[in-house]
Amino acid sequence: MSTHGHEHTGSIKAYVTGFILSIVLTIIPLVLVLNHMMAKTALMVSILIAAVLQFVLQLFFFMHIRDGEGPRYNVMALVLGIIFVATIVAGSVWIMSFNSQVQ
């Protein structure tokens, strides 16, 4: 069987690098929260920055946003990802704010 016309989209090294960086970007906010290392506002900003960085990292390493024949597909995937992230972040912030008012 010929693989002519099929491009290899990722290597083991790229996947492992992306995985390790994702783990690091998950552990950093966890450590900040568990050890109460920052004030509430600075902590929330740090978590949001780590989330955005992880989103971008996963776009490049796992969703292959750089690969593909047409840039149109990349842009559509990026816009959809941004909509998902904005919805999740806004909902999480709203829930956390409501929780502090209830207690």
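Residues numbered from 1 in each chain as written. Predicted model: local features only at pLDDT ≥ 70, side-chain atom pairs only at ≥ 80, totals over all residues. Heavy atoms only, no water.

### A word on the overall build of the protein
In terms of regular secondary structure, the protein is built from 3 helices and 0 strands. Scanning the protein from its N terminus toward the C terminus, one meets helices and strands in the order α-α-α. Counting only residues that meet the buried cut, the protein has 18% of its 103 residues in that class. Considering only contacts in the protein between residues 6 or more positions apart, those separated by 24 or more positions represent 60%. (Helix = DSSP H or I, 4+ residues; strand = E, 2+ residues; numbered from the N terminus. Buried < 20%, exposed > 50% of the residue type's maximum accessible area, 1.4 Å probe, protein only. Contact = heavy atoms within 4.5 Å.)

### Things to note about the environment of Met-44
Mapped onto the elements of the fold, Met-44 is located in helix α2 (residues 40-61). Taking relative accessible area as the criterion, Met-44 reaches 26% and is therefore assigned partly exposed. Remark: the alpha-carbon pair of Met-44 and Pro-29, spanning 15 residues in sequence, is separated by 9.2 Å. In this view, Met-44 contacts Val-93 and Met-96; residues no more than four positions away in its chain are not counted.

### Some remarks on α2
With 22 residues, α2 extends 31 Å from end C-alpha to end C-alpha; this agrees with the ideal 32 Å at 1.5 Å per step. Listed in full, the buried residues belonging to α2 are Leu-43, Ser-46, Ala-50, Gln-54, Phe-55, Leu-57, Leu-59 and Phe-61. (Expected span 1.5 Å × (residues − 1).)

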